[in-house]
Amino acid sequence: MSFSDSESSSHGGDYKFFRQISRDRLLHEMLGSTKTGDSKAWKILIMDRVTVKVMSQSCKMADITDQGISLVEELFKRREPMPGMDAIYFIQPSKENIVMFLSDMSGREPLYRKAFIFFSSTIPKELVNHIKSDSSVLPRIGALREMNMEYFPIDNQGFLTDHEQALETLYADDAENSRHFNICLNMMATRIATVFASLKELPFVRYRAAKSTASRDLVPSKLAAAIWDCISKYKAIPNFPQTETCELLIVDRSVDQIAPIIHEWTYDAMCHDLLDMEGNKYVIEVPSKTGGPPEKKEIVLEDHDPVWLELRHTHIADASERLHEKMTNFASKNKAAQMRSRDGSELSTRDLQKIVQALPQYGEQVDKLSTHVELAGKINRIIRDTGLRDLGQLEQDLVFGDAGAKDVINFLRTNQDTNPENKLRLLMIYATVYPEKFEGDKGVKLMQLARLSPVDMKVISNMQLIAGSPENKAKSGSFSLKFDAGKTKQANRKDRSGEEETWQLFRFYPMIEELLEKLVKGDLSKSDYLCMNQSSHKEESEARTGSVRKSSAPTAVPERKATPHSMRSRRTATWARPQSSDDGYSSDSVLKSASTDFKKLGQRIFVFIIGGATRSELRVCHKLTSSLRREVVLGSTSFDDPPQYITKLKLLSEKDIQGAPAQPFKPQYW
């Protein structure tokens with residue numbers, strides 16, 4: 001199998017971020033490469049259920065059409081014969097897919113004139129021989145190559161392996177006795193390995209070490225071994241690096257059980273936590289332009305929206321302020337902006353929105369800006385109506401050791417009408433910091449006080465399944481942590497307060513931020529995090545310090561002083577506000593500006609979280625890319641908001657895990 005030298009290689013030239021490389025390879029290296037000789041005419045693109053997700057997460061239909069594709073079809077659906085056209089197959093290298101391909105192209109009357117076949121991962125030799133054995137098909141093959149792209153980019157710096165049930169499959173009771181255990185791990189490893197094949201990166205593979213022989217405790221090490229086995233085979237591919245070029249850190253949810261459940265106060269997290277969103281889509285009612293009843297409008301929060309890119313990782317209060325400023329700037333371009341409200345006070349954001357909507361010259365910009373005003377306004381109303389600020393304050397006080405049992409009990413007694421899910425999330429955080437408060441019948445009393453059902457409380461006991469062995473808990477930041485045992489209040493992480501001002505309720509940080517900084521500084525515990533590579537100390541040291549491509553040195557991570565009473569420090573919003581225009585539309589996308597700012601970055605850092613990643617962890621990867629001057633890419637089995645994660649925890653104690661309905665992975669654009 002050939003492995004073409006990608007024009008979008010991460011080594012040399014202008015720096016391209018993870019998702020951009022994936023997009024370029026699909027459009028130019030795969031689709032574009034078929035425009036040769038007599039094959040420059042329109043073509044048909046045929047994909048299976050997995051590769052269509054890969055494509056849809058990186059490219060829009062317009063991008064594909066620009067590459068000469070007139071029709072996109074699914075491999076296992078009935079298709080009309082088009083013997084005068086060429087077809088491009090982007091498929092997994094499975095026996096079923098090969099049989100279907102041969103059925104299409106063999107015999108006297110094939111469905112298409114010529115076929116260009118691209119596989120999403122390594123194809124076994126026996127399947128190659130199966131193709132070669134059909135003499136009628138061979139002359140009709142224009143290309144037969146491995147693209148090695150079987151991952152799903154969900155962000156400029158994030159990807160999934162599409163294993164929604166990984167938590168249940170790998171960590172449930174008796175999970176190791178299920179045939180799905182090894183199937184899940186091996187498929188996960190294959191898909192992660194294609195990330196490195198696609199980017200032509202050879203990583204140092206580090207993983208959380210097991211502290212016991214329990215199967216669930218061994219998951220990171222088993223995955224690391226499987227990934228290393230896949231990547232080792234890539235060394236035989238032309239132009240693949242022979243020495244390490246990046247870092248891969250493999251962890252599971254045991255390193256941080258608070259990040260998936262605590263209220264994260266960014267605009268992005270609030271949208272997905274508080275609004276009834278379906279993936280990245282939300283439906284709102286807007287006034288009819290004809291004066292009729294309100295109309296329903298579907299909102300898609302995506303990277304092509306510069307306002308979304310600017311605001312998604314900012315505090316919801318900051319986002320609301322910036323939106324008001326943008327509305328004010330828009331309105332000031334029209335004489336109607338001189339209007340005042342009836343009582344003489346300044347116009348509200350809603351008033352400004354009405355004025356701006358009357359400015360026809362801005363069209364789409366006004367429409368999108370008005371949409372974000374609607375979303376932020378609804379979020380702020382929910383926060384106010386549900387008293388979420390008080391709950392959020394208590395959550396973070398628990399995490400940083402500023403609150404204890406009395407505070408939790410007092411909150412539950414005086415806020416009986418709080419949403420049951422929010423009370424459960426509070427108790428999950430409480431159990432992580434104060435596990436002894438759930439021993440014996442103490443947990444039952446808390447359940448009664450919170451008016452939660454035994455099914456809800458089962459979630460808390462199931463956190464133990466992820467926490468791992470007793471030896472592992474104290475170091476992982478998971479279920480049974482006991483910091484500052486001599487004090488009446490305990491902390492789950494250090495209060496890393498800095499000198500800069502920050503928004504209220506914005507001090508929480510996920511543990512991967514601390515782990516990645518330690519990795520870069522060389523302070524990551526070698527006993528807690530092992531490395532698969534048999535490399536010299538010198539090579540390992542160079543990779544850890546992030547030797548910059550084209551010899552540019554990375555920015556060092558400054559030491560921070562920790563307060564005496566805690567074990568981890570508070571993080572303030574240290575990244576600068578984006579350089580934004582009046583309206584958020586006069587500059588190109590963040591992708592373009594990022595490539596300008598980061599023309600010279602150090603070696604990439606990949607972190608893969610088994611069991612689901614969170615929006616706070618994705619936010620941290622963007623933040624660290626700027627502060628470390630190294631692109632940090634987050635990978636995971638799934639991307640979970642708190643309700644999804646809680647549902648998965650409930651399933652850990654179900655008898656028939658595989659019988660539980662899986663949440664389908666939905667392509668972002670199609």
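As shown above, the structure is provided for reference.
Residues numbered from 1 in each chain as written. Predicted model: local features only at pLDDT ≥ 70, side-chain atom pairs only at ≥ 80, totals over all residues. Heavy atoms only, no water.

Enquirer: Mind laying out the overall build of the protein chain, listing which residues take part and the relevant values?
Expert: In terms of helices and strands, the protein chain carries 24 helices and 14 strands. By residue count, 56% of the 670 residues in the protein chain fall in the buried class. When the accessible surface of the protein chain is split by element, carbon and sulfur atoms take 49% of a total near 28900 Å². (Helix = DSSP H or I, 4+ residues; strand = E, 2+ residues; numbered from the N terminus. Buried < 20%, exposed > 50% of the residue type's maximum accessible area, 1.4 Å probe, protein only. Areas by Shrake-Rupley, 256 points an atom, 1.4 Å probe, with all protein chains shown as cover.)

Enquirer: I'd like to hear about empty space enclosed by the protein, residue by residue, with values.
Expert: Within the structure shown, the criterion is met by 3 cavities of 30 Å³ or more. Contributing to the lining of the largest cavity are 14 residues, with Ile262, Glu264, Ala269, Arg615 and Pro642 lying nearest its centre. Residue assignment for the lining of the largest cavity shows that the elements contributing at least two residues are helix H9 (267-274) and helix H23 (615-628). (1 Å grid on protein atoms, 1.4 Å probe; cavity = no way out; pocket = protein on both sides within 12 Å on 5 of 7 lines; lining within 4 Å. Points joined across faces, edges and corners; volume = space filled by probe spheres on them.)

Enquirer: Got a sec to walk through the nonpolar core? Specific residues and values, please.
Expert: Counting 133 residues, the largest nonpolar core has Phe90, Leu170, Leu223, Tyr267 and Leu427 as the members making the most contacts within it. The leading source of residues in this core is helix H7 (residues 180-199), at 11 residues. Those residues in contact with Leu170 that lie beyond four places of it in its chain are Ala175, Phe181, Cys184, Leu185, Met188, Arg216, Val219 and Ile610. Ranked by size, the runner-up nonpolar core spans 23 residues in total, among them Leu516, Val620, Cys621 and Val632. (Core = buried A, V, L, I, M, F, W, Y, C linked by side-chain atoms within 4.5 Å. Contact = heavy atoms within 4.5 Å.)

Enquirer: Can you break down the pattern of salt bridges residue by residue, with the values?
Expert: Here the structure, examined in full by the defined rule, presents 36 salt bridges. In this structure, the salt-bridge partner of Asp24 is Arg23, at a minimum N-O distance of 3.9 Å. For Asp24, a relative accessible area of 7% corresponds to the buried category. Here Asp217 makes a salt bridge to Arg208, at a shortest N to O gap of 3.1 Å. Each of the salt bridges in this network shares a partner with another, and the network as a whole consists of Lys16, Arg23, Asp24 and Asp63. (Salt bridge = Lys/Arg side-chain N within 4 Å of Asp/Glu carboxyl O.)

Enquirer: I'd love a proper account of the sheet that holds strand S3 (residues 86-91), names of residues and values included.
Expert: If you trace the 5 strands from one edge of the open sheet to the other, you get S2-S1-S3-S4-S5, paired in parallel fashion. Looking at the sheet topology across the chains shown, the edges are occupied by strand S2 (69-74) and strand S5 (141-146). When strand polarity is set aside, the average angle formed by the axes of neighbouring strands in this sheet is 15°. By the bridge criterion, 5 bridges tie S3 to strand S4 (residues 115-119) in an arrangement that is parallel. Bridging from a neighbouring strand, Phe90 pairs with Phe118 of S4. Its contacts with the sheet put helix H1 (residues 18-31) on strand S1 (43-47), S2, S3, S4 and S5, and the angle it makes with S3 is roughly 135°. (Pairing = 2+ DSSP bridges. Axes fitted to C-alpha atoms, helices over the stretch in contact; angles between N-to-C directions.)

Enquirer: Can you explain unusual backbone geometry? Please cite residues and give values.
Expert: A positive phi angle, near 65°, is found at Asp162, a position not held by glycine. Within the secondary structure, Asp162 sits in the loop between strand S7 (158-160) and helix H6 (166-171). Located in the positive-phi region is Asn239, a residue other than glycine, with phi close to 70°. Relative to the helices and strands, Asn239 is located in the loop between helix H8 (219-234) and strand S9 (246-252).

Enquirer: Before we move on, can you summarise the sheet that holds S9 with the specific residues and values?
Expert: Spatially, the 7 strands line up as an open sheet ordered S6-S7-S14-S13-S9-S8-S12, and their pairing is mixed. Lying at the two open borders of the sheet, with one neighbouring strand each, are strand S6 (152-155) and strand S12 (529-531). Adjacent strand axes in the sheet meet at a mean angle of 25° when their direction is disregarded. Pairing of S6 with S7, which is carried by 3 bridges, proceeds in the antiparallel orientation.

Enquirer: Explain the environment of Ala175 to me, using residue names and the numbers behind them.
Expert: Topologically, Ala175 is positioned in the loop between H6 and H7. A relative accessible area of 5% places Ala175 in the buried class. Each C-alpha atom of the pair Ala175 and Leu652 lies 9.2 Å from the other, and the pair is 477 residues apart in sequence. Those residues in contact with Ala175, other than ones at most four positions away along the chain, are Glu168, Thr169, Leu170 and Phe181.

Enquirer: Can you break down the pairing of S1 residue by residue, with the values?
Expert: Counted residue by residue, S1 has 5 buried out of 5 residues, so it is predominantly covered. Of the two faces of S1, the one lined by Lys43, Leu45 and Met47 and the one lined by Ile44 and Ile46 are each fully buried. Both S1 and S2 contribute to a ladder of 5 bridges, which runs parallel. Directly across from Leu45, in S2, lies its bridge partner Val72. Where S1 meets S3, 5 bridges bridge the pair, whose relative direction is parallel. Its bridge partner lying in S3, Met47 is registered against Phe90.

Enquirer: Kindly report on the packing of aromatic side chains, identifying the contributing residues and their values.
Expert: By the definition in use, this model includes 13 aromatic pairs. Ring centres 5.7 Å apart and planes at 45° place the aromatic pair Phe18 and Phe159 in the tilted group. Placement of the pair is Phe18 in helix H1 and Phe159 in strand S7, with a sequence separation of 141 residues. We note that Phe18, like Phe159, is buried. Seen from their ring centres, Tyr430 and Tyr434 are 5.4 Å apart, and the 45° between their planes marks the pair as tilted. Judged by its relative accessible area of 1%, Tyr434 is buried. Put simply, the rings of Phe18, Tyr151, Phe159 and Phe608 touch in pairs and so form one group of aromatic residues. (Phe/Tyr/Trp six-rings, centres within 6.5 Å; stacked < 30°, edge-to-face > 60°.)

Enquirer: Lay out the side chain of His622 with the relevant residues and their values.
Expert: As for its position among the elements, His622 is in helix H23. Residue His622 is classed as buried on the basis of its relative accessible area of 18%. Sequence-distant contacts of His622, that is, excluding residues within four places in its chain, are made with Asp155, Gln157, Arg312 and His313.

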